[in-house]
Amino acid sequence: MNSNDYIIRMFNVHKRYGALNALVNINLDISHNEFIFITGPSGAGKTTLIKLLYLGEKVSEGYIIVDGMNLKRLDPKRIPFLRRKIGIVFQDFRLIPEKTVFENIALVLEAAGLNRQYIQKKINSLLRKAGLEEKIDMYPPSLSGGEQQRVAVLRAVVGDPKIILADEPTGSLDAVSAKKIMDLLIEYHQRGTTVLVSTHNQALIESIPAKVISLHGGNLDSTLSQ
C-alpha cells in the first residue's frame with residue numbers, strides 16, 4: 001500500500017503526562033474505511049490515543065497524519081477544519097442539557113453554515129432511522145442512557161465525517177442499547193467511514209469482524225484481524 005491508502009498514520013508517537021508514559025512509541029497505519037477496535041485494560045492508553053487524533057491532546061514525540069494533515073504542524077486556525085472531518089462519540093455523552101435533542105445534533109451543521117431547511121430534513125431522517133423521532137424536542141436529562149448515547153452518535157455522524165472516533169461508547173449501557181449503538185456505527189462504516197472504537201468489552205469485540213489493536217501500559221501489543 002502507498003501512503004494515500006491510509007487515512008491515519010502514527011509515527012513513533014509518545015505521549016507523556018509528567019513522568020507518566022501514557023503512550024510509548026506507537027507506529028500505526030489505518031486504511032480508509034477500516035473498522036478497528038482499540039482494546040486494553042483501564043489505563044492502557046486507549047482514550048489518550050483517541051484524543052491525539054482530534055488534537056484533544058498533543059503528542060510529546062513523533063507525529064500523526066490524519067487525512068493528509070500533519071497534526072504536529074497544523075496551524076491552530078485549521079483545527080476546526082480537522083474536526084469537521086471527525087465525528088467523536090464520548091462515553092459520558094457530553095450532550096448539552098439545556099438544548100433539545102434536535103438542537104444538540106444541529107450544532108454541527110449550524111457551525112458548517114448550512115441552511116435551516118437542510119438541517120431540519122437531515123436530522124429528521126437520522127432520528128427516524130435511530131428510532132428517536134418522538135424525542136426530537138426532549139432534553140437529554142429526560143432520556144435514558146441508551147437514548148442519550150444514540151443522540152451522541154447522531155451528533156457525531158450528522159456532518160458525514162470521514163472518521164468516527166468512539167471512546168467506550170457502550171461502556172455504561174445494557175446489551176440492547178449497546179447493540180443499537182454498534183448498529184449505527186456499522187451502518188456508517190458500510191457507507192465508507194473509517195471507524196475506531198475503544199472498548200474493553202471482549203464480547204463486543206468478538207461479535208463484530210474487525211481489526212483489533214491492543215494496548216497495554218501505553219504500548220501497542222499487537223494488531224490482529226478477526
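The structure under discussion appears in the preceding block.
Visitor: What should I look at first to understand the pairing of strand β8 (residues 194-198) in this one?
Guide: In the case of a regular strand, side chains alternate between the two sheet surfaces. The buried fraction of β8 is high, at five of five residues. As paired elements, strand β3 (residues 35-39) and β8 share four bridges and run parallel to each other. Pairing of Phe 35 across the sheet is with Val 195, part of β8. Looking at chain direction, strand β7 (residues 163-167) and β8 are connected through five bridges and run parallel. Considered in β8, the bridge of Asp 167 is made with Ser 198. Where the polypeptide runs from β7 across helix α6 (residues 175-190) and back to β8, its parallel neighbour, the crossover connection is right-handed.

Visitor: Where do I start with the sheet that holds strand β5 (residues 69-70) in this structure?
Guide: Read from one edge of the open sheet, four strands run β2-β1-β4-β5, paired in antiparallel fashion. Looking along the sheet, the strands with just one partner apiece sit at the ends: β2 (20-31) and β5. In terms of strand pairing, strand β4 (residues 61-66) meets β5 through two bridges, oriented antiparallel. Bridge pairing in β5 places Ile 65 opposite Asn 70. Of the strands in this sheet, β1 (6-17), β2 and β4 touch helix α1 (residues 46-53), which is tilted by about 120° from β1.

Parameters and conventions
- Residues numbered from 1 in each chain as written.
- Predicted model: local features only at pLDDT ≥ 70, side-chain atom pairs only at ≥ 80, totals over all residues.
- Heavy atoms only, no water.
- Buried < 20%, exposed > 50% of the residue type's maximum accessible area, 1.4 Å probe, protein only.
- Helix = DSSP H or I, 4+ residues; strand = E, 2+ residues; numbered from the N terminus.
- Pairing = 2+ DSSP bridges.
- Right-handed = clockwise from strand over helix to strand, strands pointing away.
- Contact = heavy atoms within 4.5 Å.
- Axes fitted to C-alpha atoms, helices over the stretch in contact; angles between N-to-C directions.

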